[in-house]
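Chain by chain, the residues:
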Protein chains: 2
Amino acid sequence: MRLSSLIVPDLDASFAADPEAVAELFEELHVEDVADIVEAAERPLAVQMLVSLGAERAAEILECVEPELQVALVEQLGVERAVPIVHEMASDDRADFITELPEPLKDALLAKMDPEEVADVRSLVAWEDGTVGSLMSTDVLEVPVSMRVAEVIDRVRTHGEEAETVYYVYVLSSTGQLAGVVSLRELILAKPEDPVAQIMREEVKTVRPELDAEEAAQLVQHYDLIALPVVDDRHRLVGLVTVDDLADALAEEVTEDMHRMGAVQPLEDSYFGTGFWTFVKKRAPWLVALFAGELFTGDALEHFDDVIKQATVLVFFLPLIISSGGNSGSQSATLIIRALAVGEVSLSQAWRVLRRELAMGLALGLLLSTIGVLRALIWGDGPGVAATVGVTLIAVVTLGTVVGSMLPILLERVGLDPAVSSTPFIASLVDMMGILTYFSLARWILL
Amino acid sequence: MRLSSLIVPDLDASFAADPEAVAELFEELHVEDVADIVEAAERPLAVQMLVSLGAERAAEILECVEPELQVALVEQLGVERAVPIVHEMASDDRADFITELPEPLKDALLAKMDPEEVADVRSLVAWEDGTVGSLMSTDVLEVPVSMRVAEVIDRVRTHGEEAETVYYVYVLSSTGQLAGVVSLRELILAKPEDPVAQIMREEVKTVRPELDAEEAAQLVQHYDLIALPVVDDRHRLVGLVTVDDLADALAEEVTEDMHRMGAVQPLEDSYFGTGFWTFVKKRAPWLVALFAGELFTGDALEHFDDVIKQATVLVFFLPLIISSGGNSGSQSATLIIRALAVGEVSLSQAWRVLRRELAMGLALGLLLSTIGVLRALIWGDGPGVAATVGVTLIAVVTLGTVVGSMLPILLERVGLDPAVSSTPFIASLVDMMGILTYFSLARWILL
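Keep in mind the model is a prediction, meaning the values are calculated, not measured.

Conventions and cut-offs
Residues numbered from 1 in each chain as written. Chains lettered and ligands numbered in written order. Predicted model: local features only at pLDDT ≥ 70, side-chain atom pairs only at ≥ 80, totals over all residues. Heavy atoms only, no water. Core = buried A, V, L, I, M, F, W, Y, C linked by side-chain atoms within 4.5 Å. Buried < 20%, exposed > 50% of the residue type's maximum accessible area, 1.4 Å probe, protein only. Contact = heavy atoms within 4.5 Å. Helix = DSSP H or I, 4+ residues; strand = E, 2+ residues; numbered from the N terminus. Pairing = 2+ DSSP bridges. Domains from an automatic or database assignment. Buried area = accessible area lost by both parts, 1.4 Å probe. Salt bridge = Lys/Arg side-chain N within 4 Å of Asp/Glu carboxyl O. Polar contact = N/O pair within 3.5 Å; in protein donor to acceptor, adjacent residues only side chain to side chain. Phe/Tyr/Trp six-rings, centres within 6.5 Å; stacked < 30°, edge-to-face > 60°. Lys NZ or Arg CZ within 6 Å of the ring centre and 35° of its normal.

Draft legend 1. Seen up close, the nonpolar core. Counting residues in each nonpolar core, the largest one holds 98 residues, and the members touching the most others are Leu184(A), Leu187(A) and Leu184(B). Among residues more than four places away in sequence, those in contact with Leu184(A) are Val156(A), Val166(A), Tyr167(A), Tyr167(B), Leu184(B) and Ile188(B). In terms of nonpolar packing, the next biggest core, distinct from the first, is built from 97 residues, Phe279(A), Val315(A), Met406(A) and Ala300(B) among them.

Draft legend 2. The pairing of strand 4 (residues 227-231) of chain A, seen in detail. Residue and element names in this part refer to chain A. Of all the five residues making up strand 4, five are buried; the element is thus mostly covered by neighbouring parts of the structure. Burial of strand 4 is two-sided: the residues Ala 227, Pro 229 and Val 231 facing one way and the residues Leu 228 and Val 230 facing the other way are all buried. Pairing analysis gives five bridges linking strand 4 to strand 5 (residues 237-242), with the strands arranged antiparallel. Paired with Pro 229 across the two strands is Leu 240, which belongs to strand 5.

Draft legend 3. A look at the domain arrangement of chain A. Domain parsing of chain A yields domain 1 (3-126), domain 2 (142-250) and domain 3 (276-446). A separation of 53 Å is found between the C-alpha centroids of domain 1 of chain A and domain 3 of chain A.

Draft legend 4. Structural view of the interface of chain B and chain A. At the interface, 113 residues of chain B touch 113 residues of chain A. Here chain B packs against chain A, burying approximately 10,800 Å² in sum over the two surfaces, 65% of which is carbon and sulfur. It is Tyr271(B), Phe272(B) and Phe291(B) that lose the most area in chain B upon contact with chain A, and together they represent 8% of the buried surface on that side. Between the two partners, chain B and chain A, sit six salt bridges. Its salt-bridge partner being Arg283(B), residue Glu357(A) comes within 3.1 Å of it at the nearest N-O pair. Along the contact surface separating chain B from chain A lie 39 residue pairs in polar contact (both at pLDDT 80 or more).

Draft legend 5. Region of the structure containing the packing of aromatic side chains. With the rule as written, the count across this model stands at 16 aromatic pairs over all chains. Consider the rings of Trp286(A) and Phe425(A), whose centres lie 6.2 Å apart with planes at 70°: the pair is edge-to-face. Placement of the pair is Trp286(A) in helix 17 (residues 276-303) and Phe425(A) in helix 23 (residues 423-446), with a sequence separation of 139 residues. By relative accessible area, Phe425(A) is classed as partly exposed at 35%. By way of ring pairs, the aromatic residues Tyr271(A), Phe272(A) and Phe279(A) are connected into one cluster. Above the face of the Phe272(B) ring, Arg352(A) is positioned so that its terminal group lies 3.8 Å from the ring centre. Between the NZ or CZ atom of Arg356(A) and the centre of the ring of Tyr271(B), over which it lies, the distance is 5.3 Å.

Draft legend 6. Main features of the environment of Leu135(B). Residue and element names in this part refer to chain B. For Leu 135, the location among the structural elements is in helix 11 (residues 132-135). Each C-alpha atom, one on Leu 135 and one on Glu 42, is 31 Å from the other, the two residues being 93 residues apart in sequence. Non-local contacts of Leu 135, meaning those with residues more than four positions away in its chain, are made with Asp 92, Ala 213, Val 241, Asp 245, Leu 246 and Ala 249.

Here it is in structure tokens:
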């Protein structure tokens, strides 16, 4: 249960009785919990809360609520009261928020804002969604390489309040390039009179703003970092991206991957946040495409009408054969898509994957084939049908593992998302090949 | 390309020529990069590197390499040389590492270790895999509530080196309970003479050691934290769990979910790290189970032998119908499994999901049905076949969305992992129902 469900019903009365006591309580709560309360409260009460809490706290809360509510709250606050709050927001959240505003409100707000802040917003919103640039903050602690530890700690004291993180301080060379990094931990442990150049780490992991956020997230995870500095092509510091912003981006990426694997176009919103017809539009294209592909199986089967007429028993095994290929294919595809995403398998290992999945397909196919042959013999379908079913099963399971593993690699090689080779798509492809194998074999063995 | 591929080939010669220069270079590199080099190097060279780098750095490296290599390196180092390195390891990594050791080596090492450390290891290894306890560290910075800010910063200076993180200092009441938390950021920004009790935050998010790591990860993500304190049932601080350990746990969880959705039993190792026969054992059970389920479709079809014999044209549409149900089912299952995992949908919303997916199934079914009917008419299969195909398609697509969305919710309700309702499993279930609907309708309409 959320805290908000306990608090919101009584909030209106409490606020009327003693607004200061309520503000004090909210000061002590986690900002995300206060944001939950603001989200659950009636609109006028929410606005009243923001006003009474002061610009700094209001900015933190505004950063945590959903974009639609951000816009609604600022509309009710009015530009005059919104400007000081927007001023206090973190640079990355501020840029995201301003993008969401409707045109007249956006212009009115930008007109009242500090010109430097406006320039900052404009440079941040220029980065494409999903890049490091779109997630980075420009509120970075930077010091010249000539400083001593005590001076750097002083800088943290005076400028720490506005910084996105105080846990890393970036050291700039005299020409403005990123020369090194020093963590607050190292600063605290060092002697105050030491030059920062002596304790800084020169081997800094950096990213470029145009890099894919997912790759930056992998870097942060591999090196157990809290933040990564963002540099331009001349190695000048332009911002920093934090682990929590990257983690959110990564979680979204995983959701997108899963949706693609399940043949749904990625959603922008949550399950219930997505409208019914938007959902239909996200699901219908893949369903129709897969349906269209599967229509060809009808043509293939028509081609074998004579075989079917002579031995309808073959039809009894059709769903079994089709699904076995699809299942082994979806296993391989899942394994490879995820292995590519986490970097366990690289494109250069395609041949190794192929050899492995080929052997795996033969082993698994042989297993299912044995069960299938036994079943055919027990049903009394005769050795011809049993042989056809047995050989086809080995073929389709192997086809499944090979197609399922190679298609994601192929897609990655040509620069597409491997998750788009969604498992149902692989199943359709394998279905078609399975039908051709099965009835060709049957015609050859039985007729 | 990894740094290690450039460095390792020349390492042996460089080490022989000037071991100190190499050690100095490694000091400057990121520990994960050095660990990559150790992993790629020949075993004797790797041991030589660990020895030459000193216990503290060797411990950091040992924390980063794969468990099998940890064991192999310590076997070659011998207990005497291993003890100081193990002493320097972080408490959580040390406990994990000792669990991996073979019995005689483990006992020999524990016998030489500090008794307090041994007790710490024994208490940490007691926690089940996947719980917060199994990930937590006991190297926590804690101070009494009576301290002033300057004293706390001094404590960070003197004890920070061994702590898992210095970014949060936990404040304990006089009776040993967790009274509050103060971040290094707040300490730096505060006045040195302030009592810590005045600046600490009393509203602390805590977790219990028996909590599922995935839930702790969601908490860390929701509140944008770097670490979470772990407390026992009397609210005493027993450890702390950091965002990077939780992120690793979460990534493993996502991989497991994806594998389960693709009908593969979760792997313990990476794709290439898993042996061929282990892989077969992880894949065969699901394939056989799905195959066994699909065998019943044969029985069902045999039951309709008369219908098939009279109208083989019905067979042409069979793969199309089966796959449409499977595809719509796998879409719904994917959406709901992920929505449950990230907390967008809760069990109490089952009816809302059902109503939604029912409507979605009808809409999508109607769409595919229209295409199917047109195709049947164009093929010249007659209005009877067209009607059968059309009605069946609406039924199977709706069945797919309903079964696909409800099965994960049902599994979660009875306490199983919803991802186990792997999409191929749903496809098998829907296949069976699709066949029954299709041929029953055909018998009724056509015969």
